[in-house]
Structures are given as C-alpha cells and as structure tokens.
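Spelled out, the chains give:
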Amino acid sequence: MIDLSNINLFFPQENDVPIIALNEINLKVNKGDFIILIGANGSGKTSLLKVLACRVTPNSGKYVLQQNDIKNYSSKDLAKKIALVHQDPTAGTVANLSIAQNFALAAMRGQKANLKLALTTDFINKIQHDISTLKLNLESKIHQPISSLSGGQRQALTILMAANLEPDLLLLDEPTSALDPKTADQLMGLTNELIISKNITAVMVTHQLNHALQFGDKIILMRNGSIAKQFSENEKKALNIVNLYNWFT
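This write-up is about the structure you can find in this document. (Residues numbered from 1 in each chain as written. Predicted model: local features only at pLDDT ≥ 70, side-chain atom pairs only at ≥ 80, totals over all residues. Heavy atoms only, no water.)

1. Looking at the sheet that holds strand β2 (residues 19-29)
Part 1 of the argument: Ordered in space as β2-β1-β4-β5, the four strands form an open sheet in which the pairing is antiparallel. Each of the sheet's edge strands pairs with one partner strand only, and the pair in question is β2 and β5 (68-69).
Part 2 of the argument: Pairing of strand β4 (residues 60-65) with β5 involves two bridges; the strand directions are antiparallel. Looking at β5, one finds that V64 is bridged to D69. (Pairing = 2+ DSSP bridges. Helix = DSSP H or I, 4+ residues; strand = E, 2+ residues; numbered from the N terminus.)

Now the structure itself:
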C-alpha cells in the first residue's frame, strides 16, 4: 500500500554542512498494518512521519501510495487519504466550536466547508452514536464547545474524527504525550479498538515503550535518521520491556 524508496531528507546550514534528518529510508507498509515508530530524540521519527503526512518533501527518493506516486495526488486528494493526529490535544480541533461542529468540519475535509448544511439530524445522530462507543459520556455534550473538555477527552474525539474519515493512512504523533498515565492508557485502548474495527492502516510515533509492546503489530526503531531495526509481528511478540529498551539505547 505504501512504499518508500531511498528517502533522504536534509536541511542546509550556514556552514554548508547539512543536517541529515532521514538517510536512505526504505519502508513498505501493507494494508491494515499498525506500525509503531520508536527512537531517541532526533532519531528521525517525526521527520519520517512528516514525510508520510506530506508535510515535508524529501530531497530525494520516491513515495508511493496506493500504487501511485504521491506527487500525482492533489492536496484535496491527500486531505482525504491521509489523516494526522498531533501530540497536542488542542491542535486538531477548533476551540470555540462545538463538538458537533468540529466533527462536521472533519467530515468535510478536502471540501468547501458549510457547517449549516453539514449539521443535519442524521449527522448529529450518527456522531452521537459514534461518540457513545468511546464510553466517555460525551454524546450528550455535542453542542458544548470542545474547549470545555479535558485534554484526554479532546484527543479521543480528535482520533475518532480522523478514524471516521476512514483514511488510507492514519498518522499519530505521540498522541498521549500530553496526558497523565491513566488517561494515556485509556486513550491508547480506544485508539487500538478504532484502528482494528475500521481496519485502518496506521503509523504511530511514541516514546512509551510499554505502548509499543502492547499495541500495533510491528515496531520500527529509528536511529540517526535511519531505520536501525524492524521487528516483525512474531519478533514483537517475543520482546519484553528490558530487551526492547536495550535495542532502544
């Protein structure tokens, strides 16, 4: 489904010595994969996620999505095909709009927004049902400003909005980093259920090694802008926190 070939990304500096963010990345992602990206700060995780999200254009290499070069897609097409959830719970929503209005905006991604036309009775009923599956008791609050929610609640809704688009690729950039441990674990459980139930292809960056072991079916370890190790599903099952930490360091 996704094929990255010889991806290189660097940033020029005043002394003419470039900063290498990604070095000869080759990666295949199959439909339905849930890949966890781990690595130390500066290892290239976020740079790789930004390339996958088409937020950054690599200096060289080829990015193929659904058997087509990524360059052949319009920005409107990419908005429908790729969804990105940021680590900041406030980044993916509009604070002064209601939960329902935020869901309507997300549903119209890549289209001309018209909230009045989008907020039909059927749409309201659907999102209330979808939100009820999170079991956070938010379905009765859909007309409240989304800014009135906690960070965990807001991030859970952001991930649900992204999943409801049924994108070809869902990208998660440390989605639990701003949350307390209990809320983070709860959110990851909800995220995992959404990804599995909707058969979404996903890539997630995390620093939480326990989440890397518990969720997803493959792990990729980044180091110095390169893929240092790929753990297959069977290899991942054989890992524990100690030997994964040893690889990490």
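2. Some words on the environment of S232
Part 1 of the argument: On the secondary structure map, S232 appears in the loop between β10 (226-231) and α9 (233-237).
Part 2 of the argument: With 14 residues separating them in the primary sequence, S232 and K218 have C-alpha atoms 5.2 Å apart.

3. Describing the pairing of strand β7 (residues 169-173)
Part 1 of the argument: The buried fraction of β7 amounts to five of the five residues, a majority that puts the element mostly inside the structure.
Part 2 of the argument: Neither face of β7 is left uncovered, since the one carrying L169, L171 and D173 and the one carrying L170 and L172 both have all their residues buried.
Part 3 of the argument: Relative to β7, strand β6 (residues 82-85) runs parallel, the two being bridged by four bridges. Looking at β7, one finds that A83 is bridged to L170.
Part 4 of the argument: Pairing of β7 with strand β8 (residues 202-205), which is carried by four bridges, proceeds in the parallel orientation. What sits directly across from L170, in β8, is A202. (Buried < 20%, exposed > 50% of the residue type's maximum accessible area, 1.4 Å probe, protein only.)

4. Some remarks on the environment of A95
Part 1 of the argument: Here A95 lies in the loop between β6 and α3 (99-107).
Part 2 of the argument: For A95 and P145, which are 50 residues apart along the polypeptide, the C-alpha to C-alpha distance reads 6.7 Å.
Part 3 of the argument: Look past the residues within four positions of A95 in its chain and what remains in contact with it is P145, I146, S147 and R154. (Contact = heavy atoms within 4.5 Å.)

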